[in-house]
2 protein chains.
Amino acid sequence: MSLHDEIREQPQRLKRLLAEQRETAEKIAAHIRARGIHYVFLAARGTSDNAGRYANYLWGAHNRLPIALATPSLFTYYAQPPRLEGALVLGVSQSGKSPDIVSVLEEGRRQGCLTLTVTNAPDSPLAQAADLVFDIQAGPEKAVAATKTYTAELMALAMLSAALRGEAQDWQELARVPEWIEILLEQDSDIERMAQRYRYMGQCVVLGRGFNYATAFEWALKLKELTYIIAEPYSSADFQHGPIAMVEGGFPVLAVTPQGKVFDSMLEMLVRLRERQHAELVVISDDTRALSLAQSAMRLPNGIPEWLTPLVAIVAGQLFACHLTRAKGYDTETPRSITKVTETH
Amino acid sequence: MSLHDEIREQPQRLKRLLAEQRETAEKIAAHIRARGIHYVFLAARGTSDNAGRYANYLWGAHNRLPIALATPSLFTYYAQPPRLEGALVLGVSQSGKSPDIVSVLEEGRRQGCLTLTVTNAPDSPLAQAADLVFDIQAGPEKAVAATKTYTAELMALAMLSAALRGEAQDWQELARVPEWIEILLEQDSDIERMAQRYRYMGQCVVLGRGFNYATAFEWALKLKELTYIIAEPYSSADFQHGPIAMVEGGFPVLAVTPQGKVFDSMLEMLVRLRERQHAELVVISDDTRALSLAQSAMRLPNGIPEWLTPLVAIVAGQLFACHLTRAKGYDTETPRSITKVTETH
């Protein structure tokens, strides 16, 4: 199994996850409802932290649950953990092995909070530290760069949101995600050709907002891990507060801009970047106006509801990163300097 | 008043802030204690968001208060704000004018939460939207890049922490901050000479952890706003989870590593970056081992307690950014593409 195989495997993995773990999601939701949670205290690193960024928007918008992103070093180095009364303490990690994330869950349990682990390793220390475990069932992930465990984490968090809200339409929409990813994967060879243009790109920014703030972070992370370029993610709002100053003619801006509530603000930013700052634009969207502004366009299937666009859009970003890695002559399977499990304290 | 003048003005501004606003801090702390707050829901953008990152560690470590960083677009575009029961809703903004931050405070008030604004503009819409206002008294800031309003926001958040904890030693330590900054400012011309070496630097990463995670973000933001280089901030833990792969020989890594609880983990990272990856290191520290690893070293005064190092360390970062801007032939007063007040929705 190569990175490319794992990217292409995502529709079938997500289909099975939806079929087999809906009951788990409903059970966890019942526990959460029974406890009268005020907010979620979420601990994660790297790719899983990006899944947490998705939950931050989704659980806020659909479930009205605020999310505090944990600062694990407060639990390890400073040993003065915050009081977590009223919190659901949630750890997200594919390996379930990072000691600092485990510390956060252990402290949550010590303080009597409800604790939940979302992981691909249901026997891991992180799973053992939690009251409730959601197994994302992504299968063994061999490539160092995480792809299918990311979309499986997003799906798990989306299933929990649907279970908490209890609206049948959410589940109907979730069921279509594997098919949308299948359609997107048809652009595989187009994206391979497109990536050639960026053979010598050394740096870029990646923009997203709302639900796709997470996608911008995860796309940027794949580019950094695999192609070694400097890829910095931003919400388009934060980008306007200063960093936009660095865009010169030809500077590459990658953008995730599906239709939805933040689309108009993103489109305005793309028009400004293209027409006034002469940026190079690589765009993932289902909107013709956004795509037509781009030198390189990756089209999303029509009709994806905004809350589910992150599960499909990132697959375009993964393919782009995978093909750019090959175009640059690097190895997609064993990126230098990083390992599959990083044990931070 | 130029950017450089505003950087040099910081000791006197902070001295006056400490003298004149301690009573305000004590009053606000009394309100917070009386309300039985479970956590803080914090809304900010840009430089003020970095001040929020400082509060995230400080209020966590010293006051055991978890902080959730708001996603303002949930309040504006998605119009489905989270339930904020049990939260102190806190807005931080020098101008007090960003409509999305104002929306968060208005919603907090609507839901009956205690609301607090930390701002340099006590008559602004953000101040009017809050129950309690902390005026940071930084005086008019003319330069587009914020410097003295950042340290004044940090000081305000540190004073609130001290008032909430009620330990006399905190106030004694706070009183020494202006003097430590004075000592650091003596390196002004050394830093000016040092910055010449980076005349053609186009990209870098900036590392910090714990309390100085905020400093890494703020130093990177000044570099982006003023020098237009790609400067990406990381906690050293997140950096290990992937992005470290992009460091090649000569790649510039800027690091904020004062002595304290996370120092050993940062030092280990610097040794690896220097010896195994042959990175170029620019280091702000009060530790001789860390400074001796660096090609360019900025020394912090001895004896600053870890929780206050961010107020002093960022001044070295500001001087570095200011002098690098001039070395690159750019204008420090009017960076291209950005304005003093950015109105995001």
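See the structure printed just above.
Residues numbered from 1 in each chain as written. Chains lettered and ligands numbered in written order. Predicted model: local features only at pLDDT ≥ 70, side-chain atom pairs only at ≥ 80, totals over all residues. Heavy atoms only, no water.

Chemist: Before we go on, may I ask you to explain the sheet that holds strand β4 (residues 114–119) of chain B in this structure?
Modeler: Residue and element names in this part refer to chain B. Across the sheet, which stays open at both edges, the 5 strands sit in the order β2-β1-β3-β4-β5 with parallel pairing between neighbours. Sheet topology places β2 (67–69) and β5 (132–135) at the edges, where each strand pairs with a single neighbour. Shown here is a sheet whose adjacent strand axes are inclined to one another by a mean of 20°, direction ignored. Pairing between strand β1 (residues 39–43) and β2: 3 bridges, direction parallel. Paired with Phe41 across the strands is Ala68, a residue of β2. Packed onto the sheet, helix α2 (residues 10–35) meets β3 (87–93), β4 and β5 and runs at close to 155° relative to β5. (Pairing = 2+ DSSP bridges. Helix = DSSP H or I, 4+ residues; strand = E, 2+ residues; numbered from the N terminus. Axes fitted to C-alpha atoms, helices over the stretch in contact; angles between N-to-C directions. Contact = heavy atoms within 4.5 Å.)

Chemist: Explain the relation of the copies chain B and chain A here, please?
Modeler: Note that the two copies of the chain are related through a rotation about an axis and a translation along the same axis. In screw terms, the move from chain B to chain A is a rotation of 180° and a rise of 0.0 Å along the axis, fitting with an RMSD of 0.0 Å. On the angle and the small slide along the axis, the relation comes out as a two-fold axis. Within chain B, Ala68 of chain B has its C-alpha nearest the rotation axis, a separation of 1.9 Å. Of the residues that chain B buries at the interface, 100% are likewise interface residues in chain A, meaning the two copies contact each other through the same surface. (Least-squares fit on C-alpha atoms with pLDDT ≥ 70 in both.)

Chemist: Even after reading the chapter, I still don't get the interface of chain B and chain A, so can you show me in this structure?
Modeler: The figure often quoted for interface size is the accessible area lost as the parts come together. The interface is formed by 71 residues belonging to chain B together with 71 residues belonging to chain A. Its largest share of buried area at the contact with chain A, chain B owes to Arg64, Tyr78 and His241 of chain B, together 13% of the area lost on that side. In this assembly, chain B and chain A are joined by 2 salt bridges. Between Lys224 of chain A and Glu232 of chain B there is a salt bridge, with the nearest N and O atoms lying 2.8 Å from each other. Remark: the boundary between chain B and chain A carries 12 residue pairs in polar contact (both at pLDDT 80 or more). A breakdown of the residues in the side of chain B that touches chain A according to their chemical character gives 32 nonpolar, 23 polar and 16 charged. (Buried area = accessible area lost by both parts, 1.4 Å probe. Salt bridge = Lys/Arg side-chain N within 4 Å of Asp/Glu carboxyl O. Polar contact = N/O pair within 3.5 Å; in protein donor to acceptor, adjacent residues only side chain to side chain. Nonpolar A, V, L, I, M, F, W, Y, C, P; charged D, E, K, R; others polar.)

Chemist: What is the right way to look at unusual backbone geometry in this model?
Modeler: Note on backbone geometry: most residues besides glycine have negative phi, and most peptide bonds are trans. In the Ramachandran plot, Gln137 of chain A falls in the positive-phi region, its phi being about 50° despite a non-glycine side chain. At His278 of chain B, a position not held by glycine, the phi torsion is positive, near 55°. Following the sequence through the fold, His278 of chain B ends up in the loop between α13 (263–276) and β9 (280–285).

Chemist: Can you walk me through helix α11 (residues 213–227) of chain A in this structure?
Modeler: The periodicity of an α-helix, 3.6 residues per turn, causes residues three or four positions apart to be oriented the same way. Residue and element names in this part refer to chain A. Taking 1.5 Å per residue as the helical rise, α11 with its 15 residues ought to reach 21 Å, and the 21 Å between its terminal C-alpha atoms agrees with that figure. For α11, the tally of buried residues reaches 15 of 15 residues, placing the bulk of the element in the interior. Of the residues flanking the end of α11, it is Tyr228, one or two places downstream, whose phi is positive at about 65°. (Expected span 1.5 Å × (residues − 1). Buried < 20%, exposed > 50% of the residue type's maximum accessible area, 1.4 Å probe, protein only.)

Chemist: Just checking my understanding: could you explain the pairing of strand β8 (residues 252–256) of chain A for this structure?
Modeler: Note on strand geometry: in a regular strand, side chains alternate between the two faces of the sheet. Residues and elements named next belong to chain A. With 5 of its 5 residues buried, β8 lies for the most part within the structure. Residues Pro252, Leu254 and Val256 line one face of β8 and the alternating positions Val253 and Ala255 line the opposite face, and both faces are buried. Bridging between strand β6 (residues 203–208) and β8 involves 3 bridges; their strand directions are parallel. What sits directly across from Val206, in β8, is Leu254. Of the pairings in the sheet, the one linking β8 to strand β9 (residues 280–285) comprises 5 bridges and is parallel in character. Across the sheet, residue Val253 finds its bridge partner in β9, namely Leu281. Assessed by its sense of winding, the connection that carries the chain from β8 through helix α13 (residues 263–276) to β9 is right-handed. (Right-handed = clockwise from strand over helix to strand, strands pointing away.)

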